[in-house]
Every structure is written in structure tokens, then in C-alpha cells.
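Descriptive structure summary
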Amino acid sequence: AFFRLGRSTDRTLHIDLLARGSTPEGLVFIAGNKPYWIQEREVTCQEYGQFLHALPILDRNKHLPTSWGLQPNGGVVLPANWRLDWPALGVQWQWAVNYARWKTSLSQQAGRKETYRLPTYSEWTVAAGAADGREYPFGNQFRPRWVSSCFTHKIAQPDRVLSFPIDQSPYGVYDLSGSAMEWVDGWWVENRSRRGCGGSWGNGDPRIHRIYGGNGQDPKMTSQMMGFRLVMERPKIR
């Protein structure tokens, strides 16, 4: 856990330490008063496609990302040249919430008591390493090709998740500065019209790629630069 202490100050913290190997694969444990696990990378096109195929065809069409298509038999079709290991882009905020509910229902059906949801704004920034005052998840310096940004390729395009090892927070959470802007359960601006955190493959301004950067998105809109990752909760450890 990260925290600051001024001179001649005391602070008492209770931190739950988990046994090695007890964190599920693909998740990172964030300790604190209310511990949680966060995905180390964004939800991928393959994973979101599994969610779509679990829905009735009519609901499948209502959750279809921008530029994705449906075959006559209801099969999901990705846009040309898209990869299954790219982040799931073009998803509305409510669709991401529904995906989390679906993941929770799968957990319950399997006899587990895990709950999945979008991270809060605070949880997202904490997982990015904001507690020690850094500007970016990886420190205070930024180079456009350290992350998935619009300068990574000659022609801007998304990249597969986990392909930028520098874009890693102190906790081991990846793709927070670049890759996809991410939906969170919170508001980017005070008038509650936009949600989201982080920069994306389509951004290049270093200010947008900061932990407290981004530019938000209308939750009822879709964007090819907007994706999401989930937080997982379990019953209290103590």
C-alpha cells in the first residue's frame, strides 16, 4: 500500500496480506480498508464476444460495439483487421456494467461469492499509483511510444493488451496510461455528464495520458477509444 507521512506524524494502518498464489490469474490485489482485485488489463474483444454470445439475439444486438456486426445466425463479427486480444472498444457505459453483472452471475453459478463491477474513480487512480503523487503510472516522465498512443504506429490503431511493459503501475496493473480510455463508476467532470479515466491509442497529448488526465465520455455514447476493466470483490477477509 502507498501512503504519505509528514514529519513527526504517526499513522496506523491495517493491511490484509494474502498468501502467495491466492490472487486469481489476471487480477491484481489492492490492499486497504476495503481491499479489492482489479484486472491487470482491459477486457478484450474475445471476452466481450463471449458475453454477447451468452445473450439472447435481440439483447445481443443492443450491446453490439461500434462497427461490430451480427451474422444471420446471430454470430458476432469483428471489424476487418481487428484482433481478439485488442481491448473491447466502442462499448457504452451501461453495457460495461451489464458485462460485470454477467461475470458476477457466472461466479454465483459456479458456487463462488465473487462480485464484479466497474472500478470507482478512486479505485482506478489508486491502482494507477496516484498515492505517491506520480503523474503517470510508471513515473513522472512520458514518451508517446512507452504506451499505446496515436504515435505508436505510422497510422494510429489499437494494440493487443499487455504489449507495453513500461505502462505498468507500482502494483503491476498495465495499460492505464494508454491502450483504451476506461469506463469507471464515477464522473470525470463535476456536472456529471462524462465518465472515464486514462488516455488511449488515439491520444497523444501527455496531459491526457496522466493518471488524472483523460477527457471523459458521455456514458450514453460509444467511442472506438473507450474500453473498460473490472474490479472483483470477495467477502471480507476478516
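Our subject is the structure listed above.
Quantities reported herein were computed from a predicted structural model and do not represent experimental measurements.

Okay, the overall build of the chain next. When you go through the chain residue by residue, the secondary structure sums to 4 helices and 8 strands. For the chain, the sequential pattern of α-helices and β-strands runs β-β-α-α-β-β-α-β-α-β-β-β. For the chain, whose C-alpha radius of gyration is 18 Å, the value lies close to the compact-globule estimate of 18 Å for 238 residues. Expressed along its principal axes, the backbone C-alpha trace of the chain runs to roughly 70 × 45 × 35 Å.

We now examine the pattern of salt bridges. If you walk through the whole model with that rule in mind, you get 11 salt bridges. Two residues, Arg229 and Glu182, come together in a salt bridge whose shortest N-O distance is 2.7 Å. Taken together, the residues Arg229 in the loop between strand S7 (226–227) and strand S8 (231–233) and Glu182 in strand S6 (residues 181–182) connect sequence positions 47 residues apart. By sharing partners, the salt bridges in this structure join Lys34, Arg117, Glu123 and Glu233 into a single network.

What follows covers the side chain of Arg229. Overall, the relative accessible area of 0% leaves Arg229 in the buried class. Side-chain polar atoms of Arg229 contact the backbone oxygen of Gln39, separated by 3.0 Å.

Below, the discussion takes up the packing of helix H1 (residues 45–53) against helix H3 (residues 93–109). As a packed pair, H1 and H3 sit with axes 11 Å apart at the nearest point and diverge in direction by 75°. The angle between H1 and H3 falls in the class roughly perpendicular. On H3, the residues that touch Glu47, Tyr48, Gln50 and Phe51 of H1 are Trp95, Asn98, Tyr99 and Trp102. Per-class residue counts for the contact of H1 with H3 are 5 nonpolar, 2 polar and 1 charged.

The next thing to look at is the environment of Thr120. Tracing the chain through its elements places Thr120 in the loop between strand S5 (115–117) and helix H4 (121–127). Overall, Thr120 belongs to the partly exposed group, its relative accessible area being 25%. Distance from Thr120 to Trp187, taken between C-alpha atoms, is 9.1 Å for residues 67 residues apart in sequence. Those residues within four positions of Thr120 in sequence are excluded, and the remaining contacts are Val184 and Asp185.

Basis of the calculations
Residues numbered from 1 in each chain as written. Predicted model: local features only at pLDDT ≥ 70, side-chain atom pairs only at ≥ 80, totals over all residues. Heavy atoms only, no water. Helix = DSSP H or I, 4+ residues; strand = E, 2+ residues; numbered from the N terminus. Rg over C-alpha atoms; globule rule 2.2 N^0.38 Å. Salt bridge = Lys/Arg side-chain N within 4 Å of Asp/Glu carboxyl O. Buried < 20%, exposed > 50% of the residue type's maximum accessible area, 1.4 Å probe, protein only. Polar contact = N/O pair within 3.5 Å; in protein donor to acceptor, adjacent residues only side chain to side chain. Axes fitted to C-alpha atoms, helices over the stretch in contact; angles between N-to-C directions. Parallel < 35°, antiparallel > 145°, perpendicular 65-115°, else oblique. Contact = heavy atoms within 4.5 Å. Nonpolar A, V, L, I, M, F, W, Y, C, P; charged D, E, K, R; others polar.

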